Amino acid sequence: MYSINFGKSGIKVPAVAVGCMRISDMSEKEVSAFIDTALSLGANFFDHADIYGGGRSETVFGKAMSSSLRDGIIIQTKCGIRRGFFDFSYEHIINSVDGSLKRLGTEYIDVLLLHRPDALMEPDEVARAFEYLKTSGKVRHFGVSNQNPYQMQLLQNSLTVPICANQLQFSAMHTPMIQFGINVNMQNESGINRDGGVLDFCRLNRITVQAWSPMQYGYFEGCFVDNEKFPELNETLLKIGDKYGVSKSAIAIAWILRHPAKIQAVTGTTNLARLADSLKASEIMLSREEWYEIYCAAGNVLP
Ligand SMILES: NC(=O)c1ccc[n+]([C@@H]2O[C@H](COP(=O)([O-])OP(=O)(O)OC[C@H]3O[C@@H](n4cnc5c(N)ncnc54)[C@H](OP(=O)(O)O)[C@@H]3O)[C@@H](O)[C@H]2O)c1
């Protein structure tokens with residue numbers, strides 16, 4: 001597993017992170033095997049959120065992670081989504097982190113992300129919360145998720161710590177942040193800039209883009225790998241996978257990693273074989289032609 005710089009944090013992180021959104025119903029023993037499998041393949045970065053499984057994902061992870069492993073593990077979690085609204089208030093951020101620390105059974109969180117934009121965000125209030133969390137040693141690095149460039153800039157203007165990461169939906173089947181850059185000034189659906197140019201903004205400002213749902217199409221509509229709705233994409237993933245001796249899932253993740261923005265892919269599988277398989281993606285460097293072939297097989301048209 002190769003490493004990438006994590007924004008301006010000064011730390012290095014594995015190119016593939018392990019998502020923990022779906023582990024809430026696993027047993028402690030199963031999560032322990034899940035952690036061991038990831039670590040044995042060099043994936044020591046685990047992505048959580050206070051709301052995953054209503055807190056159960058963090059709880060079972062905290063119980064399964066032996067304390068001797070803690071220093072070798074990078075734990076990222078998120079806050080800001082509440083039942084029916086978004087909340088970047090000082091009180092909620094601090095309370096959420098305290099809850100995550102307790103559930104995870106740890107004294108510090110490596111990375112805290114603001115989960116989804118809160119329309120009522122007060123940047124100075126968030127800055128005050130981040131400063132407290134940093135100086136108290138509860139959180140080491142900070143980032144956002146699902147934010148556009150102006151939202152990040154507005155927040156960064158008040159912060160004394162850098163925004164290190166922005167976690168966004170991105171996969172071969174979810175490419176708006178690529179499409180509009182290929183279709184500049186075209187009067188078609190693909191030419192619509194939906195995110196304010198977030199990918200280039202993150203590259204310009206050394207903010208690591210993390211790709212969530214690397215296997216899903218739509219908004220959690222299902223996995224596109226082995227899905228008969230996407231025959232051309234699956235044929236292409238299979239053909240390229242055969243060439244490199246890896247699965248279609250590994251190629252789908254290698255497609256994300258191939259982008260020069262040095263995107264960190266966040267896996268979502270809870271299946272150990274599929275996890276091991278997906279982590280092999282970091283060994284594959286797709287050619288430019290293969291990358292475009294997959295992009296087009298997913299239904300995109302080049303101008
Ligand atoms: N920031 C945000 O707003 C946000 C939103 C969503 C997710 N996330 C993060 O991103 C992570 C990944 O998202 P995700 O869970 O939607 O990821 P995903 O990898 O796109 O989807 C994983 C799901 O697809 C299933 N699947 C079926 N066949 C598969 C195959 N061949 N390979 C891989 N998975 C297959 C998995 O089932 P099995 O478990 O049986 O393999 C699992 O249910 C989450 O865990 C979370 O940490 C962040």
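Summarised in this report is the structure supplied together with it. (Residues numbered from 1 in each chain as written. Predicted model: local features only at pLDDT ≥ 70, side-chain atom pairs only at ≥ 80, totals over all residues.)

1. Focus on the overall build of the chain
Helix and strand content of the chain: 11 helices and 14 strands. On C-alpha atoms alone, the chain measures out to a radius of gyration of 19 Å, which is about the 19 Å that the 2.2 N^0.38 rule sets for 303 residues. The dimensions of the chain, computed from C-alpha atoms along their principal axes, are 50 × 45 × 35 Å. The buried share among the 303 residues of the chain stands at 44%. Sequence-distant contacts in the chain: of pairs separated by 6 or more residues, those separated by 24 or more amount to 75%. (Helix = DSSP H or I, 4+ residues; strand = E, 2+ residues; numbered from the N terminus. Rg over C-alpha atoms; globule rule 2.2 N^0.38 Å. Buried ≥ 20, exposed ≤ 12 C-beta atoms within 10 Å, placed from the backbone. Contact = placed C-beta atoms within 7 Å.)

2. Quick word on the sheet that holds strand E4 (residues 45–47)
The eight strands lie next to each other as E3-E4-E5-E8-E9-E10-E11-E14, forming a closed barrel whose pairing is parallel. The sheet shows a mean angle of 30 degrees between the axes of neighbouring strands, direction not considered. Judged from the two bridges that link them, strand E3 (residues 16–19) and E4 form a sheet pairing that is parallel. Paired with Val-18 across the two strands is Phe-46, which belongs to E4. (Pairing = 2+ DSSP bridges. Axes fitted to C-alpha atoms, helices over the stretch in contact; angles between N-to-C directions.)

3. Let's talk about helix H9 (residues 248–257)
Where burial is concerned, most of H9 is hidden: 10 out of the 10 residues are buried. Every buried residue belonging to H9 is among Lys-248, Ser-249, Ala-250, Ile-251, Ala-252, Ile-253, Ala-254, Trp-255, Ile-256 and Leu-257, and all of these are buried.

4. Remarks on the pairing of strand E14 (residues 264–267)
Two faces, one strand: in a regular strand the side chains alternate between the faces of the sheet. The side-chain alternation of E14 yields two buried faces, one formed by Gln-264 and Val-266 and the other by Ala-265 and Thr-267. With three bridges connecting them, E3 and E14 associate as parallel partners. Counterpart to Val-16 in the pairing with E14 is Ala-265. Pairing of strand E11 (residues 208–212) with E14 involves two bridges; the strand directions are parallel. Its bridge partner lying in E14, Ala-211 is registered against Ala-265.

5. Points about the site of the ligand
Near the ligand there are 24 residues, and of these Gly-19, Met-21, Met-215, Gly-268 and Thr-269 occur at the shortest range. Of the residues that constitute the shell around the ligand, the class distribution is eight nonpolar, 12 polar and four charged. (Near = placed C-beta within 6 Å. Nonpolar A, V, L, I, M, F, W, Y, C, P; charged D, E, K, R; others polar.)

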